[in-house]
Amino acid sequence: MSITWNAPVAPRDADSASPAPSPAVIAPAPSQPPRPAAKVPLLRQPRAQRVLLPLLVGLALIGAWQALVVGMELPPYLVPSPALMMKTLFTDWATLGMALLVTLKITVLSFVVATVVGVLISFVFVQSRLIETALFPYAVLLQVTPIVAVAPLIIIWVKDPTASLVICATLVALFPIISNTTLGLRSIDPDLQAYFKMNRATRLQTLVRLRIPSALPYFFGGLRISSGLALIGAVVAEFVAGTGGAATGLAYQILMAGYQLNIPRMFAALLLISLTGV
């Protein structure tokens, strides 16, 4: 029987032990500058499109108009060229400029009066459904009545020419203010209305703190419509009045240019009316 003896293994000293491998250190990647944002072409920008596209179409139409007049040799008393129209605008600016100021004065006055009167009528309508039901059809009747049929009576009744023209233009611009503001004053949150009633708010407090803030978007929409109608009413009233003298508007200049076959001046006055409306 053989006995095998194994020598004891001495324990390793801590200092003589081989060091553990250190973890690998990954070097950070070199920082790259941020890429610049891709530049959007000018014609694809929404703001530029709203300006450039109508401008390009207008320039194309003016160029076609000029080419047709020159190519077909149309006489100026039929269709003037854009170049002749602009020349007449600068030549007759003393007359057309004063007429433009008169038309602008009537337009602004009628717009302000229509705004004030329309808002006050809307405040009355919103106080009671019975009042609105009884009076709103007359506001609609006033809107659908042609101003050309009413203007001669107003001009006869009102001796002052400017006041009569302002009244005629106000009647045209009044209805959008009434309808939009009344709709906005009615379009309030029912929960907020119940909250105001629960706190026993007065009619004035409800109107000022609840109805008017809710009606502002509708009110400004009515202002946009009414501003254009005020200019239309002013021009139509000037056509119907047909008054001459120093305080004459663009409509009277159009009438006189038509009588004198001064078609370039007529087109220049029409251009000023169109730019005023824009």
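Read on for an overview of the structure. (Residues numbered from 1 in each chain as written. Predicted model: local features only at pLDDT ≥ 70, side-chain atom pairs only at ≥ 80, totals over all residues. Heavy atoms only, no water.)

Some points on the overall build of the chain
Which entries qualify depends on this criterion: Numbering of helices and strands runs from the N terminus; a helix is a DSSP stretch of H or I covering at least four residues, while a strand is a stretch of E covering at least two. For every residue, the accessible area obtained with a 1.4 Å probe (protein chains only) is divided by the maximum for its type, and the residue is called buried under 20%, exposed over 50%, and partly exposed between those limits. Only heavy atoms enter the contact rule, under which two residues are in contact if any of them lie within 4.5 Å.
Looking only at helices and strands, the chain has 10 helices and zero strands in total. When the helices and strands of the chain are placed in sequence order, the string is α-α-α-α-α-α-α-α-α-α. Out of the 278 residues belonging to the chain, those deemed buried represent 29%. Expressed as a percentage of contacts within the chain between residues at least 6 apart in sequence, the contacts between residues at least 24 apart total 71%.

Topic: the nonpolar core
Worth spelling out the cut-off: The nonpolar core is taken to be a set of buried Ala, Val, Leu, Ile, Met, Phe, Trp, Tyr and Cys residues, with the residues joined through side-chain atoms within 4.5 Å.
Ranked by internal contacts, the top residues of the largest apolar core, which has 17 residues, are Leu96, Leu250 and Leu272. At the level of secondary structure, the elements contributing two or more residues to this core comprise helix H2 (82–91), helix H3 (93–127), helix H8 (203–241), helix H9 (250–259) and helix H10 (263–277). When residues of this core are assigned to their parent elements, the largest contribution, six residues, is made by H10. Leu96 has contacts with Leu89, Leu250, Gln253, Arg265, Ala268, Ala269 and Leu272, leaving out every residue within four places of it along the chain. Grouped together as the second largest cluster of nonpolar side chains are 12 residues, Val102, Ile154, Val172 and Ala237 included.

Concerning the pattern of salt bridges
The cut-off we apply is this: Salt-bridge detection follows one rule: a side-chain nitrogen of Lys or Arg within 4 Å of a carboxyl oxygen of Asp or Glu.
Scanning the entire structure with this criterion turns up three salt bridges. Glu132 serves as the salt-bridge partner of Arg129, at 3.9 Å between the closest nitrogen and oxygen. Of this pair, Arg129 and Glu132 both sit in helix H4 (residues 129–144), three residues apart, which is roughly one turn of the helix. The exposure class of Glu132 is buried, given its relative accessible area of 15%. Across the pair Arg186 and Glu132 runs a salt bridge whose closest N-O atoms are separated by 3.0 Å. With Arg186 in helix H6 (residues 161–186) and Glu132 in helix H4, the pair connects residues that are 54 residues apart, well separated along the chain. Classification of Arg186 as partly exposed rests on a relative accessible area of 22%. Salt bridges sharing common partners tie together Arg129, Glu132 and Arg186.

Some points on a nonpolar patch on the surface
Applied cut-off: Distance thresholds for patches are 9 Å for like charges and 5 Å for nonpolar side chains (Val, Leu, Ile, Met, Phe, Trp, Tyr), applied to residues having over 30% relative accessible area and no salt bridge. In these tables, accessible area is a Shrake-Rupley quantity obtained with a 1.4 Å probe, and a residue counts as shielded only by the protein chains included in the view.
Nonpolar side chains collect at one region of the surface, where Val124, Ile131, Leu135, Tyr138, Val140, Leu141 and Val144 lie side by side and expose about 620 Å² of accessible area between them. Examined against the element boundaries, Val144 turns out to sit in helix H4. Judged by its relative accessible area of 59%, Val144 falls in the exposed class.

Observations concerning the environment of Lys105
Tracing the chain through its elements places Lys105 in helix H3. For Lys105, a relative accessible area of 42% gives the class partly exposed. In this structure the C-alpha to C-alpha distance between Lys105 and Thr162, which are 57 residues apart in sequence, comes to 9.2 Å.

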